[in-house]
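# A look at the structure
Below, each chain spelled out in residue letters.
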Amino acid sequence: MSVYIDEKSRLFCIRTNNTEYQMKADEYGVLKHIWYGKKVGSDMSYLLEYPDVGFSGNPYCAGDDRTYSLNTLPLEYSCEGTGDYRISALSVTHSDGSNALDLRYKSHSVKKGKYSIKGLPAVYGDSEAETLEITLCDTASGIEVVLRYGVLEKLDIITRSAVIRNNGEKTAVINKAASLCLDIPFGDWEWIHFHGRHTMERVPERAPLFYGIQESSSTRGTSSHQQNPSVILCSPDCTEQSGECIGAFFVYSGSFSTKIEYDQLRQTRLTMGINPELFTWNLSAGEEFETPEAVITYSDNGLSQLSHNFHRVIRENICRGKYKLAERPILINNWEATYFDFDEEKILAIAKEASALGVDMLVLDDGWFGKRDGDTSGLGDWFVNENKIKGGLGKLVENVKALGMRFGIWFEPEMISEDSYLYRAHPDWAIQIPGRQPMRGRYQLLLDMSRKDVQDYLYGVMCDILRSADISYIKWDMNRSISDWYSAELPPERQGELPHRYMLGLYSLLERLTSEFPDVLFEGCSGGGGRFDAGMLYYCPQIWCSDDTDAFERTKIQYGTSYIYPVSAVGSHVSTVPNHQTGRITPIETRAITAMAGSFGYELDLGTLSDDEKADVEKQIKKFKKYGSLIHNGKYYRLSDPLKDNIAAWEFAAEDGSEILVQGMIFRTEPNMKRYSLKLAGLEPQALYKMAGTDEIITGSALMKGGILLPASWGDYSPVEIHLVRTEN
Ligand code: GLA
């Protein structure tokens, strides 16, 4: 049991193995947020004493008590227009044009199991999970809000989502409905968010909070390369292994907003939800709106613990299907080997080389369909271009299978090229505003995914392709940001619903296809990591992490990604040198080590490698097969900060501590350089560890406090790899 309620004092406590979350409905029915942090076992509301703060007005019900103000108290779900001037979680315009909301406690219930959300991805739990629902009501308008808390006790995970219900008589318009509102009345905090750009995603930035509002968000219709829908608040002394931190990620792939306000009393409020910009939702009488889900965790053992909690819940309770915990196929993708310039002979030649070295799957990337010899045409025409693939897909797949490999294929379902049969037949299916010329991105337009006929068309053509040959994998790409929001099917007052309706349509199509083809592995992609989020991971257990395959840059991208997302979610490939994104030359061993911290593969013409390099590739594949389970199932530790240090290093530790793999690279070698000692993490202090290939036996304590001495480096981007096994003597 994880939900405890004191009916008399109306105190709601959620207790997980190590954390506690408290709320209280006070004498006025206001639901206060009391505590989120370490398990404490006491009602923490004794800490909430407020003075009469100037210009912080008082609700009518408080009479002459000038110390009771919605503008100072920590609140569980803040609203606008009634005296709380901090960030609001919910904003509604009523039929009379007013905007005020005054939510008061109405009822609560506790249910076994984890709630789900209609049409949206969400954490799922087993029978041990619990759901707490607290209903609040604005009596003047009849707007009700059901706050839902899903609890995974063992994982120290709490999920949040809200249902906004219109029990009034007229339509109300939702302008904003956050999934998470978290007030933290105590402590000084810093925040870590993840910014970037195409080919440089999820760069962590850590900064003290400034007074006022800081925001990380996307208005692109995707979660974006530029900001990620995840955030960490941490104490200034928080390190990888110590200190307090609270993390949140959003299970959603569209526009989002994460805001943090540091207020006049040095209190912190965090909200996360659908981005209110370019969003409105008409809620007719009797209707309800369910927000997507936000997931939170707390650690007082530093950032590693926070990451481990998130990695586990994503792998075990968000990813689904056959591949969620299974070994992933090692694949070879032809994109960087051929771009659009291929035919079936070239593809088979790549497959032959790859199969001889032990690769499991060939993935045919962009260019196999319609009129698609470049990126200006063909999107939407999902039928095989037999000028390129002579004999059709069935024959090619059989030839690949004859080499002992499986076959995967690329789609970019949400897109339409103006130069396509599809556009000529259905120009109204493209998102564009009548009377305006739409923005084009990579020359292409978007399909209106909110339309059922569009979803059905895509479902039909994708099913046809998947049934026409033995296809084991789909790469689901999305190569532009969305603009010109307008749906030919929606009335004017509902146009603001399109960004969210687009997501509902996309998720519905993904749900249909993943259920229809449960044996197919889906990999997400959006120009690399432009839609790297927990929403997509619900359908695709791995996502192409970045279009940047340069090993040096990748260590930084994967470092940032690792704060929230598990290694198994990270699609990562060895590519050629000089690298196509940066021109950098790195050793093939280093490229493989970097790609192994992910769902591993290759993306180059193996036929261009020397015999020695081919032998290296063969060894790398064997190595990934040997360590793959440790890499994906083990605990991941960041051992250096590649954004600051001259070394990128990380560790995979078996859950039972029996085995450790340390990998990474030293960026630059200097003459007469002292050898690096790298402090390991997560070992049993008393246990003895033997280093593979030597007779050296070292205690866990020595490895964690003193560190392990790395071999001297040579040249730039020198690989690091050490395997340790626990031994009895
Ligand atoms: C995107 C992807 C690449 C590749 C190309 C094909 O950029 O991220 O991996 O599939 O599209 O056009």
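Just above sits the structure.
Residues numbered from 1 in each chain as written. Predicted model: local features only at pLDDT ≥ 70, side-chain atom pairs only at ≥ 80, totals over all residues. Heavy atoms only, no water.

## Concerning the overall build of the chain
Scanning the chain from terminus to terminus reveals twelve helices and 38 strands. For a compact globule of 729 residues, the expected C-alpha radius of gyration is about 27 Å, and the chain comes in at 27 Å, within 12% of that figure. Taken over 729 residues, the chain has a buried fraction of 62%. The contacts in the chain between residues at least 6 apart in sequence include a share of 68% that link residues at least 24 apart. For the chain, the accessible surface area stands at approximately 26,700 Å², while carbon and sulfur atoms represent 49% of it. Put simply, the chain has 76 plus and 102 minus side-chain charges, and the middle of one group is 1 Å from the middle of the other. (Helix = DSSP H or I, 4+ residues; strand = E, 2+ residues; numbered from the N terminus. Rg over C-alpha atoms; globule rule 2.2 N^0.38 Å. Buried < 20%, exposed > 50% of the residue type's maximum accessible area, 1.4 Å probe, protein only. Contact = heavy atoms within 4.5 Å. Areas by Shrake-Rupley, 256 points an atom, 1.4 Å probe, with all protein chains shown as cover. Lys, Arg positive; Asp, Glu negative; His and termini not counted. Charge placed at Lys NZ, Arg CZ, Asp CG, Glu CD.)

## As for the pairing of strand S38 (residues 718-727)
Alignment of strand S33 (residues 659-666) against S38, held across eight bridges, turns out to be antiparallel. Looking across to S38, one finds that Val662 is bridged to Ile722. The pairing of strand S35 (residues 688-691) with S38 spans four bridges and is antiparallel. Directly across from Tyr689, in S38, lies its bridge partner Arg726. (Pairing = 2+ DSSP bridges.)

## Some details on the pattern of salt bridges
The full count for this structure, using the stated rule, is 55 salt bridges. Between Lys154 and Glu128 there is a salt bridge, and its shortest N-O distance comes to 2.7 Å. Of this pair, Lys154 sits in the loop between strand S8 (143-152) and strand S9 (157-166) while Glu128 sits in the loop between strand S6 (104-112) and strand S7 (130-138), placing them 26 residues apart in sequence. In this structure Lys154 comes out as exposed when scored by relative accessible area, which is 52%. One salt-bridge network, in which partners are shared between bridges, spans Asp84, Arg86, Asp183, Asp263 and Arg269. (Salt bridge = Lys/Arg side-chain N within 4 Å of Asp/Glu carboxyl O.)

## Re the sheet that holds strand S3 (residues 19-25)
On the basis of which strands lie adjacent, the open sheet formed by four strands has the order S1-S2-S3-S4 and antiparallel pairing. Two strands close off the open sheet at either side, each with one partner strand: strand S1 (3-6) and strand S4 (31-38). Pairwise comparison of adjacent strand axes, ignoring direction, gives a mean angle of 15 degrees for this sheet. Two elements, S1 and strand S2 (residues 11-15), share four bridges in a ladder whose sense is antiparallel. The residue of S2 that forms the bridge with Ile5 is Phe12. (Axes fitted to C-alpha atoms, helices over the stretch in contact; angles between N-to-C directions.)

## What to know about the environment of Ile389
Looking at the secondary structure, you find Ile389 in the loop between strand S22 (361-364) and helix H4 (392-402). Considered as a pair, Ile389 and Ala595 are 206 residues apart in the sequence and their alpha carbons are 30 Å apart. Sequence-distant contacts of Ile389, that is, excluding residues within four places in its chain, are made with Phe342, Glu344, Leu364, Trp368, Val384 and Leu396.

## Looking at the packing of aromatic side chains
Tallied over the entire structure, the rule returns 33 aromatic pairs. Between Trp335 and Tyr339 the ring centres are 5.0 Å apart and the planes differ by 80 degrees, which places this aromatic pair in the edge-to-face class. For the ring pair Tyr538 and Tyr539, a centre distance of 5.0 Å and an interplane angle of 85 degrees mean the geometry is edge-to-face. A single burial state applies to Tyr538 and to Tyr539, both of which are buried. These aromatic residues form a ring-pair network of at least three members: Trp368, Phe369, Trp382, Trp410 and Phe411. The residue whose ring lies beneath Arg512 is Tyr459, and the NZ or CZ to ring-centre distance is 4.2 Å. (Phe/Tyr/Trp six-rings, centres within 6.5 Å; stacked < 30°, edge-to-face > 60°. Lys NZ or Arg CZ within 6 Å of the ring centre and 35° of its normal.)

## Examining the site of the ligand
Around the ligand, the surrounding shell holds 13 residues, and the nearest of these are Asp365, Asp366, Arg442, Lys475 and Asp547. Measuring from an oxygen atom of the ligand, one finds a side-chain N or O atom of Asp365 at 2.6 Å. Measuring from an oxygen atom of the ligand, one finds a side-chain N or O atom of Asp366 at 2.6 Å. Protein contacts shield 96% of the accessible area of the ligand, which totals 310 Å² for the unbound molecule. In the shell around the ligand, the residues fall into four nonpolar, three polar and six charged. (Near = heavy atom within 4 Å. Polar contact = N/O pair within 3.5 Å; in protein donor to acceptor, adjacent residues only side chain to side chain. Nonpolar A, V, L, I, M, F, W, Y, C, P; charged D, E, K, R; others polar.)

## Looking at the side chain of Ser713
Tracing the sequence through the fold places Ser713 in the loop between strand S37 (708-709) and S38. What makes Ser713 buried here is its relative accessible area of 14%. A polar side-chain atom of Ser713 sits 2.8 Å from a polar atom in the side chain of Thr669. Not counting residues up to four positions away in its chain, the partners in contact with Ser713 are Ile666, Thr669, Met673 and Ser718.

## Notes on the environment of Ser640
Mapped onto the fold, Ser640 is located in the loop between strand S31 (635-638) and strand S32 (647-653). Overall, Ser640 belongs to the buried group, its relative accessible area being 9%. Spatially, the C-alpha atom of Ser640 lies 14 Å from that of Thr594, the residues being 46 residues apart in sequence. Among all residues touching Ser640, those that are not within four sequence positions of it are Tyr559, Asp645, Ile647, Ala648 and Ala649. In this structure the side chain of Ser640 is engaged in a polar contact, spanning 2.7 Å, whose partner is the backbone oxygen of Ile647. At 3.0 Å, the side chain of Ser640 forms a polar contact with the backbone nitrogen of Ala649.

## A word on the packing of helix H6 (residues 452-468) against helix H7 (residues 498-516)
Relative orientation of the contacting elements H6 and H7 amounts to 25 degrees, with a least axis distance of 10 Å. Viewed along their axes, H6 and H7 adopt a mutual orientation that is roughly parallel. Here H6 runs over H7; the crossing is right-handed. Contacts between H6 and H7 involve Lys452, Gln455, Asp456, Leu458, Tyr459, Met462, Cys463 and Arg467 from the first element and Gly505, Ser508, Leu509, Arg512, Leu513 and Glu516 from the second. (Parallel < 35°, antiparallel > 145°, perpendicular 65-115°, else oblique. Left-handed = near helix turned anticlockwise from the far one by under 90°.)

## Description of helix H3 (residues 344-357)
Taking 1.5 Å per residue, 14 residues should reach 20 Å; H3 reaches 20 Å between its end C-alpha atoms and fits that length. Of all the positions in H3, only Glu344, Ile347, Leu348, Ile350, Ala351, Ala354 and Leu357 are classed as buried. Buried positions along H3 lie against strand S21 (331-333), helix H2 (335-338), S22, H4 and helix H11 (611-633). Among the residues of H3, the N-terminal cap falls to Asp343, whose side-chain oxygen and the backbone nitrogen of Glu345 are separated by 3.1 Å. Backbone geometry just after H3 places Gly358 at a positive phi near 110 degrees. (Expected span 1.5 Å × (residues − 1).)

## Here's the deal with the environment of Ser179
One can find Ser179 in strand S10 (residues 172-184). Among the residues examined, Ser179 registers a relative accessible area of 1% and is labelled buried. Sequence-wise, Ser179 and Val251 are 72 residues apart; in three dimensions their C-alpha atoms are separated by 9.9 Å. The contact partners of Ser179, leaving out residues within four places of it in the chain, are Arg160, Ser161, Phe250, Met272, Gly273, Thr291, Pro292, Glu293 and Ala294. From its side chain, Ser179 meets the backbone oxygen of Pro292 in a polar contact 2.8 Å long.

## Focus: the sheet that holds strand S27 (residues 521-524)
An order of S21-S22-S23-S26-S27-S28-S29-S30 is seen for the eight strands of this closed barrel, with the pairing classed as parallel. Adjacent strand axes in the sheet meet at a mean angle of 30 degrees, parallel and antiparallel pairs treated alike. With respect to the sheet, H3 is in contact with S21 and S22, its orientation differing from that of S22 by roughly 155 degrees. Sheet strands touched by H4: S22 and strand S23 (406-411). Its angle to S23, the strand with the most contacts, is close to 140 degrees.

## Here's the deal with unusual backbone geometry
Of note, the bond from Val577 into Pro578 is cis; its omega dihedral lies within 30 degrees of zero at -10 degrees. Among the structural elements, Pro578 can be located in the loop between strand S29 (570-575) and helix H10 (588-596). Phi at Asn672 takes a positive value of approximately 50 degrees, unusual for a residue other than glycine. Residue placement: Asn672 occurs in the loop between S33 and strand S34 (677-678). If you check the backbone angles, Tyr717 has positive phi at about 60 degrees while not being a glycine.

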